[in-house]
Structures are given as structure tokens and as C-alpha cells.
Amino acid sequence: MECYKCQSKTKSCGKSSLKLPFLSNNRQLFNKKVSSIPPIALVGMPNVGKSVLFNALTGIYMTVSNYPGTTVEVSRGLAQIGEETITVIDTPGMYSLMPISEEEKVARDLLLTEPVSAVVHVVDAKNLARMLPLTFQLMEAQLPVLLAVNMMDEARRYGITVQKDTLEIELQIPVVCMAAALNQGIEELRDRITPFIALQSTMVTV
Ligand SMILES: Nc1nc2c(ncn2[C@@H]2O[C@H](COP(=O)(O)OP(=O)(O)OP(=O)(O)O)[C@@H](O)[C@H]2O)c(=O)[nH]1
Ligand SMILES: [Mg+2]
């Protein structure tokens, strides 16, 4: 195990033996100054691909599976977003902002207690109608929401099309279509987050 502070492979650096594997995993970002911009939270229903997206953005492997409820606690990692190195938070799946399960409470509490610069609501392109009510709840809670319509590869296979431009006009938030498991749409999401965060900070300070 490397020291998470100095990355020395010896045990004698004396700085810390704390195990923070995510920091040694995304090593390219380790020496970069972490931005003062608040974290970006990935939220959404179970099994929509939040952890796959987290892996793609941060380079850290979080357990991913085809069973809902895989992620039960919050995980953090660093992602390069434009010029900034920003913390990204993976959250347990939640169906609504009025939680029933303990995992949902973890996600809800994070959103209500921690300042975030962006909330990426990850949805399954095959089940948009079931997922958009949570988008509205997040927006109503005045959270800075972007919509990540994931699993576009599966949606295409089922002949489902997503009218991204119409969604953006109707919701008045940025919408990115992606297939996180195929690494598609990740760069577009990064590109959309940068101006979005800049706009949010202007709106707060004006
Ligand atoms: N085909 C396809 N599968 C995907 C995509 N993104 C994620 N998956 C798969 O969907 C399943 C769920 O992915 P996770 O990342 O674990 O989902 P999650 O939202 O973190 O789920 P919870 O932790 O339970 O809330 C896994 O089997 C992934 O491989 C995608 O874009 N396309
Ligand atoms: Mg997960």
C-alpha cells in the first residue's frame, strides 16, 4: 500500500497509513490542485449507471453490477473538468427526495447538507417517463441539475429515440445523451459541466 500523501512505497514516510485507495488510483490528478469549486454529485435511481459514470469521470473503479442497490454509501474521487480538478461524488440510488430506504436517505442528506456545484441526474434512456419526476423534484429543490440520459445504446436497440433538444427546451437544463459503459458522451458531459458551473456561480453572486 502506498502512502496516500507522498505515494512512497516504503512504510517509513511517517505521514499517514490511512488507506484512501481512490487517491492513489487517480494518480494523474493527485498532484493537481483540487479546485475550490464544490463537488459534483451523481444521483439517480438504482441501476441507471451512476457508478459506471463515476468510474469514467474519475478513473476509479467502484463496484458496478446489474442489481439495484449496489452502491450503499457515498464515494468521492477527483475528475478533470475543463481546467479544474473537481471532486465527484457517487451516491446510492434513490427514487425520490422523500426517502424510504437508508440508502436513499444517504443520497438525500448529502444533497440537502453539502454544497454542490452541479447535480448530474443520471437516468435510463429506456425509462425516461419513470425517471423524470425525480428531475423535477431536484429542480424544485433549487439544485443545479444537469440531466445525463444514459444507456442510449440499449435504447437504440429497443428503437427508443430521445429528443434531446426538446428535453432541453422543456426542462431548461442541459441534457447529455450517453452510454457510460461504452465511454460515449463522457467528454460532452465534461464540456457541458464547465459553462454550467460558471453560470451557476454568476447567478449566486449577482
Ligand atoms: N448497456 C449499458 N449498460 C450500462 C450503461 N451504464 C451502466 N450500465 C450497466 O448498468 C448496470 C448498473 O450500473 P451501475 O453503475 O452499477 O448503476 P448505479 O446507478 O450505480 O446503481 P446503484 O449503485 O444500485 O444505485 C451495470 O450492469 C452496468 O454495466 C450503459 O451506458 N449501457
Ligand atoms: Mg452505484
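Figured I'd write up the structure that's included with this text. (Residues numbered from 1 in each chain as written. Chains lettered and ligands numbered in written order. Predicted model: local features only at pLDDT ≥ 70, side-chain atom pairs only at ≥ 80, totals over all residues. Heavy atoms only, no water.)

1. Let's talk about the site of ligand 1
- Taken together, the neighbourhood of ligand 1 is formed by 24 residues, with Lys50, Gly69, Thr70, Thr71 and Asp153 sitting nearest.
- Within the backbone of Ser65, an N or O atom sits 3.3 Å from an oxygen atom of ligand 1.
- Between ligand 1 and Gly93 there is a distance of 3.2 Å, counted from an oxygen atom to a backbone nitrogen or oxygen.
- Secondary-structure elements contributing two or more residues to the shell around ligand 1 are α2 (50–58) and α5 (152–157).
- Of all the elements, α2 adds the most residues to the shell around ligand 1, at three residues. (Near = heavy atom within 4 Å. Polar contact = N/O pair within 3.5 Å; in protein donor to acceptor, adjacent residues only side chain to side chain. Helix = DSSP H or I, 4+ residues; strand = E, 2+ residues; numbered from the N terminus.)

2. Describing the sheet that holds strand β1 (residues 40–43)
- Pairing is mixed across the open sheet formed by six strands, whose spatial order is β2-β3-β1-β4-β5-β6. Two strands in the sheet have a free side with no partner beyond their single neighbour: β2 (75–81) and β6 (175–177). Put simply, the sheet's adjacent strands are angled 25° from each other on average, direction ignored.
- Docked against the sheet, helix α4 (residues 128–140) engages β1, β4 (118–124) and β5 (145–150), running at close to 165° with respect to β4.
- Contacts from helix α6 (residues 164–171) reach β5 and β6, with the element oriented near 160° to β6. (Pairing = 2+ DSSP bridges. Axes fitted to C-alpha atoms, helices over the stretch in contact; angles between N-to-C directions. Contact = heavy atoms within 4.5 Å.)

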